[in-house]
Amino acid sequence: MNILFVMYDQLRFDYLSCAGHPHLETPNFDRVAARGGRFTNTYVQSPICGASRMSIYTGRYVASHGAAWNNYPLRVGEQTLGDHLRQAGMGCWLIGKTHMQADHDGLERLGIDPASKIGRRQAECGFDVWIRDDGLWGEGPDGFYDPKTSPYNEYLKSKGYPADNPWARFANAGLHADGEVASGWMFDNADKPANIREEDSETPWLTREAMAFIDQAEGPWCAHVSYIKPHWPYIVPAPYHDMYGPEHVLPATRHACEREDPHPLLDAWMGSSVAEAFQREEVRRKVIPAYMGLVKQCDDQLGVLLDHLDATGKAETTMIVLTSDHGDYLGDHWLGEKDMFHDPSVKIPLIIYDPRPEADATRGTTCDALVESIDLAASFIETAGGDVPEHVVEGRSLLPWLHGEQPDWREFVVSEYYYASSGHCVTLGVSPTDARLFMVFDGRYKLIHAEGGFRPMLYDLETDPEEFHDLGASASHAEIRDRLYEQLAGWGRRMSQRVTRSDAQIEAGRDASGRKGILPFLFDGSEVPEELTVKYRGPAGRNYLDGEGQGT
C-alpha cells in the first residue's frame with residue numbers, strides 16, 4: 001500500500017459538490033468520495049495553519065506538541081508521521097507546504113548538524129523532501145515574510161517571468177487597464193485574472209511535481225501533496241477567474257443578534273480588519289467567486305493526478321486522502337479568515353479512498369462519527385502495517401469505519417486556539433499565558449472556554465445549526481455547560497507527556513527488577529519464588545567476620 005495524502009490550505013468543508021454546494025461542481029473530489037468514504041464531522045485541533053498542521057503531522061493535540069501558532073518551532077524530538085511510517089517500512093515524502101518552523105535552538109543544544117539526515121528531517125517536520133514550498137512569498141520593507149528560497153519562484157524565473165519575486169508580480173497579481181500590477185493582496189482585484197499562464201500557476205505546478213515523484217517512487221510510500229490554494233491571495237488565472245460571479249455567492253451565514261452584546265472575544269474578532277472587509281458585500285461578491293475558482297482549479301488538477309494514478313496502475317495500491325488544515329469564514333458570522341470555532345472555520349472536509357477489499361462495503365458512503373484531524377496519523381500507521389503507539393499518538397485509526405465496523409468511539413472532539421501572538425491579546429488585556437481558547441463539541445453542543453476570566457460560549461447545533469445564539473450565559477443551560485466542562489477537564493487530565501514508555505512496556509516491566517536480583521522488604525525470603533533468591537543462598541565461601549577471613 002501507498003498513501004497519497006493531499007491537503008488543500010483553507011478549503012471549507014462545504015465548498016464541494018459532494019458536500020452539497022449548490023453552484024460549485026467538483027467532480028474529482030466527488031469521484032474519490034464515490035470510491036471511498038466521506039467523513040462529515042471532522043474537526044481540526046486548532047483553526048490556525050501552523051498549529052493545525054503540527055497536530056496532523058504528529059497525531060497529537062496542540063497542548064501536547066506545543067507548536068501553538070504559526071512559526072512556533074516544533075521541538076526537536078517530537079515524533080511525526082515520518083518517524084512512525086519509516087519504522088513501519090514506509091517512506092514519507094513532502095511535496096508542497098508544511099508551515100513547519102524548525103527548532104534551531106534545540107538542534108544546536110543537542111549538537112545535531114542541520115545538514116545531516118537527522119537534522120534535515122527534524123527541520124522538515126519528519127518528512128524527506130521532494131520539494132517544499134510554503135507558498136507565501138510576501139515581500140515588504142523588512143524583506144521577505146519567508147526567508148527560504150522558493151522553488152516555485154525559481155520555476156517561474158526559469159519560464160521567463162521577469163521579476164525577482166514573480167509569485168507576487170504574476171502568480172498572485174492581475175493587470176490594471178494601464179498595465180500596472182493589480183496585486184492579489186487587494187480584494188478589489190479578486191475578479192481579475194492572474195497575469196500568468198494557467199499551466200504555470202501554483203496548483204498545476206505542484207501537481208506536476210507530485211506526478212514526477214510518483215513516477216520514480218519505489219513503494220511503499222506516503223506522499224504528502226500539500227497545496228497552498230485556495231488560501232489567499234484570492235486571485236486565480238483564466239479561465240477560472242470568471243467561472244463564477246456574484247450570482248453564485250451564497251448569502252452570508254450571519255445574524256444581527258450576533259452583534260447584540262457579543263462575547264468580548266467575538267466582539268474583538270468582529271472588529272478586526274479582515275472581518276470588517278468581509279462584512280462588506282462588495283468584497284464578498286468579488287472574493288468568493290475567486291475562491292470558488294481556486295477550488296475549481298484544485299478539483300481539475302486533482303483529476304489530472306487521479307488519471308495519472310489510474311494510467312500507471314498505481315490507483316489499485318494507493319490510499320487517497322483529501323483534506324484541509326482549516327476552513328475560511330468568508331464573511332459568515334461577521335468574520336473573515338479562520339481562528340474561531342464556528343464550523344466554517346474549524347470543520348474540514350475529509351475523504352478517504354482505501355482500495356483494499358475490506359473497504360468495499362463502505363464505498364460511496366458517509367460517516368458522521370466525530371473525527372479529529374489527529375486521527376489521520378493513526379490511520380496511516382495502521383495502513384503501513386505498524387502498531388499505533390497510543391502513548392504517543394493521541395488520535396485513533398479511522399480504518400475500522402472504512403472497513404464497515406462500528407468501533408467504540410469518542411464522545412467529543414477538542415480544538416485549541418492560542419492567540420498570544422495576535423493583537424487581540426493586547427486589545428482584550430489578556431496575558432500571553434491566558435490567551436487560550438478551548439472548544440469541546442459533543443455532536444450537538446459546542447462549548448468554548450476562554451482563559452482570562454471570560455465567561456464561556458455555548459451553541460446548540462441541533463436547534464441552532466447556524467451557531468447564531470450564544471447560550472454561554474443561559475441559566476437553563478447550566479447543566480449542559482457543567483457536563484461539557486467535565487469532558488474538557490477529563491481531556492485535560494489525559495496522559496500526554498509519557499512518550500518514552502508504552503503501557504505494554506510498563507506492564508511487561510512490572511516485577512522485572514525482582515528477576516534481576518532487587519528483592520527489598522523481605523522477611524525470610526519465603527514470600528517470593530525460590531528461583532528469585534537462588535543467587536542469595538548457599539555456602540558463603542569464606543568467613544570475614546573475625547577479621548582474618550578464616551575458613552572456606
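Draft legend 1. Spatial organisation of the overall build of the chain. When you go through the chain residue by residue, the secondary structure sums to 19 helices and 21 strands. Counting only C-alpha atoms and orienting by the principal axes, one finds that the chain spans roughly 110 × 60 × 55 Å. Looking at the chain as a whole, 58% of its 552 residues qualify as buried. Of the contacts made within the chain by residues no fewer than 6 positions apart, 70% connect residues no fewer than 24 positions apart. Total accessible area on the chain stands at roughly 23,800 Å², and carbon and sulfur atoms take up 50% of it. Here the chain holds 52 positive side-chain charges and 85 negative ones, and the gap between their average locations is 3 Å.

Draft legend 2. How the structure looks around the nonpolar core. Core analysis: the biggest nonpolar cluster contains 60 residues, and Tyr8 and Leu322 have the highest contact counts within it. Among the elements that make up this core, the one with the highest residue count is helix α12 (residues 281-312) (12 residues). With sequence-adjacent residues up to four places away left out, Tyr8 is seen in contact with Phe29, Tyr227, Lys229, Pro230, Cys298, Leu302, Leu322, Thr323, Ser324 and Asp325. Among the nonpolar cores identified, the runner-up in size contains 52 residues, and Val62, Leu335, Val440 and Leu471 belong to it.

Draft legend 3. Geometry of empty space enclosed by the protein. Scanning all chains against the criterion turns up 4 cavities of 30 Å³ or more. In this structure, the largest cavity is lined by 13 residues; those nearest its centre are Asp133, Glu202, Trp205, Leu206 and Ile228. If you list the elements that add at least two residues to the lining of the largest cavity, you get α9 (202-216) and β11 (221-230). Taken together, the residues that form the lining of the largest cavity break down as 5 nonpolar, 4 polar and 4 charged. Taken as a whole, the second largest cavity holds about 60 Å³ of empty space.

Draft legend 4. Looking closely at the side chain of His241. When you line up the elements, His241 lands in the loop between β12 (236-237) and α10 (264-270). For His241, the contacting residues outside a window of four places in its chain are Asp191, Lys192, Pro193 and Val236.

Draft legend 5. Quick look at the side chain of His391. Mapping His391 onto the fold places it in the loop between α14 (375-383) and α15 (399-402). A distance of 3.4 Å separates a polar side-chain atom of His391 from the backbone oxygen of Val499. The contacts of His391, once residues within four sequence positions are left out, are Arg60, Arg498, Val499, Thr500, Arg501 and Ser502.

Draft legend 6. Seen up close, the pattern of salt bridges. Tallied over the full model, the rule gives 40 salt bridges. The shortest N-O distance in the salt bridge between Lys148 and Asp146 comes to 2.8 Å. A salt bridge links Glu337 to Lys338; the shortest N-O distance between them is 3.1 Å. Of the two residues examined, Glu337 and Lys338, each falls in the buried class. In this structure, a network of salt bridges that share partners links the residues Glu124, Arg132, Asp134, Asp146 and Lys148.

Draft legend 7. Broad picture of the sheet that holds strand β17 (residues 371-372). Taken in spatial order, the 3 strands line up as β14-β3-β17 in an open sheet, and their pairing is mixed. Pairing within the sheet leaves two strands with one partner each, and these edge strands are β14 (347-348) and β17.

Draft legend 8. Layout of the packing of aromatic side chains. On inspection of all chains with the given rule, the structure shows 27 aromatic pairs. Between Tyr155 and Trp205, the aromatic rings sit 6.4 Å apart at their centres with planes inclined by 35 degrees, giving tilted as the arrangement. With Tyr155 in helix α7 (residues 151-158) and Trp205 in helix α9, this residue pair connects regions lying 50 residues apart in the sequence. No difference in accessibility class separates Tyr155 from Trp205, as the two residues are buried. Members of the aromatic cluster, joined through ring pairs, are Tyr15, Phe187, Tyr234, Phe278 and Tyr291.

Draft legend 9. Region of interest: the packing of α7 against α9. Viewed as axis vectors pointing N to C, α7 and α9 meet at an angle of 100 degrees, and their least axial separation amounts to 11 Å. Judged by the inter-axis angle, α7 sits roughly perpendicular to α9. Along the contact surface, α7 presents Pro151, Tyr152 and Tyr155, while α9 presents Glu202, Trp205 and Arg208. In the contact of α7 with α9, the residues fall into 4 nonpolar, no polar and 2 charged.

Draft legend 10. Layout of the sheet that holds strand β5 (residues 128-132). Taken in spatial order, the 8 strands make up an open sheet running β5-β4-β11-β1-β13-β15-β2-β16, and their pairing is mixed. Here the strands that pair on one side only, and so sit at the sheet edges, are β5 and β16 (365-367). Averaged over all pairs of adjacent strands, the angle between strand axes in this sheet comes to 15 degrees, irrespective of strand direction. In this structure, strand β2 (residues 37-39) lies alongside β16, joined through 3 bridges in parallel fashion. From the neighbouring strand, Gly37 faces β16, where its bridge partner is Thr365.

Draft legend 11. Inspection of helix α17 (residues 478-492) at higher detail. For α17, which comprises 15 residues, the first-to-last C-alpha distance of 21 Å matches the rise-based estimate of 21 Å (1.5 Å per residue) to within 8%. Of the residues making up α17, those classed as buried are Ile480, Arg481, Leu484, Gln487, Leu488 and Trp491. The buried residues of α17 occupy one face: seen down the axis, they fall within an arc of 120 degrees. In this structure, α17 carries Glu479 and Glu486 as exposed residues pointing more than 90 degrees from its buried face. At its buried positions, α17 is contacted by α3 (62-65), β18 (413-418), β19 (436-441), β20 (445-450) and β21 (457-460).

Draft legend 12. Layout of unusual backbone geometry. Of note, the bond from Gly219 into Pro220 is cis; its omega dihedral lies within 30 degrees of zero at -5 degrees. Take Pro220: it is sitting in the loop between α9 and β11. In this structure, Pro239 follows Ala238 across a cis peptide bond, with omega equal to 5 degrees. Structurally, Pro239 can be placed in the loop between β12 and α10. Look at His99: it is not a glycine, yet its phi comes out positive at around 65 degrees. With a relative accessible area of 9%, His99 lands in the buried category. Even without being glycine, Glu337 reaches a positive phi, approximately 65 degrees. Along the chain, Glu337 turns up in the loop between β13 (318-324) and α13 (343-346). With a relative accessible area of 14%, Glu337 lands in the buried category.

Calculation notes
- Residues numbered from 1 in each chain as written.
- Predicted model: local features only at pLDDT ≥ 70, side-chain atom pairs only at ≥ 80, totals over all residues.
- Heavy atoms only, no water.
- Helix = DSSP H or I, 4+ residues; strand = E, 2+ residues; numbered from the N terminus.
- Buried < 20%, exposed > 50% of the residue type's maximum accessible area, 1.4 Å probe, protein only.
- Contact = heavy atoms within 4.5 Å.
- Areas by Shrake-Rupley, 256 points an atom, 1.4 Å probe, with all protein chains shown as cover.
- Lys, Arg positive; Asp, Glu negative; His and termini not counted.
- Charge placed at Lys NZ, Arg CZ, Asp CG, Glu CD.
- Core = buried A, V, L, I, M, F, W, Y, C linked by side-chain atoms within 4.5 Å.
- 1 Å grid on protein atoms, 1.4 Å probe; cavity = no way out; pocket = protein on both sides within 12 Å on 5 of 7 lines; lining within 4 Å.
- Points joined across faces, edges and corners; volume = space filled by probe spheres on them.
- Nonpolar A, V, L, I, M, F, W, Y, C, P; charged D, E, K, R; others polar.
- Polar contact = N/O pair within 3.5 Å; in protein donor to acceptor, adjacent residues only side chain to side chain.
- Salt bridge = Lys/Arg side-chain N within 4 Å of Asp/Glu carboxyl O.
- Pairing = 2+ DSSP bridges.
- Phe/Tyr/Trp six-rings, centres within 6.5 Å; stacked < 30°, edge-to-face > 60°.
- Axes fitted to C-alpha atoms, helices over the stretch in contact; angles between N-to-C directions.
- Parallel < 35°, antiparallel > 145°, perpendicular 65-115°, else oblique.
- Expected span 1.5 Å × (residues − 1).
- Arc of directions from axis to C-beta.

Function cannot be read off these values alone, since they describe shape.
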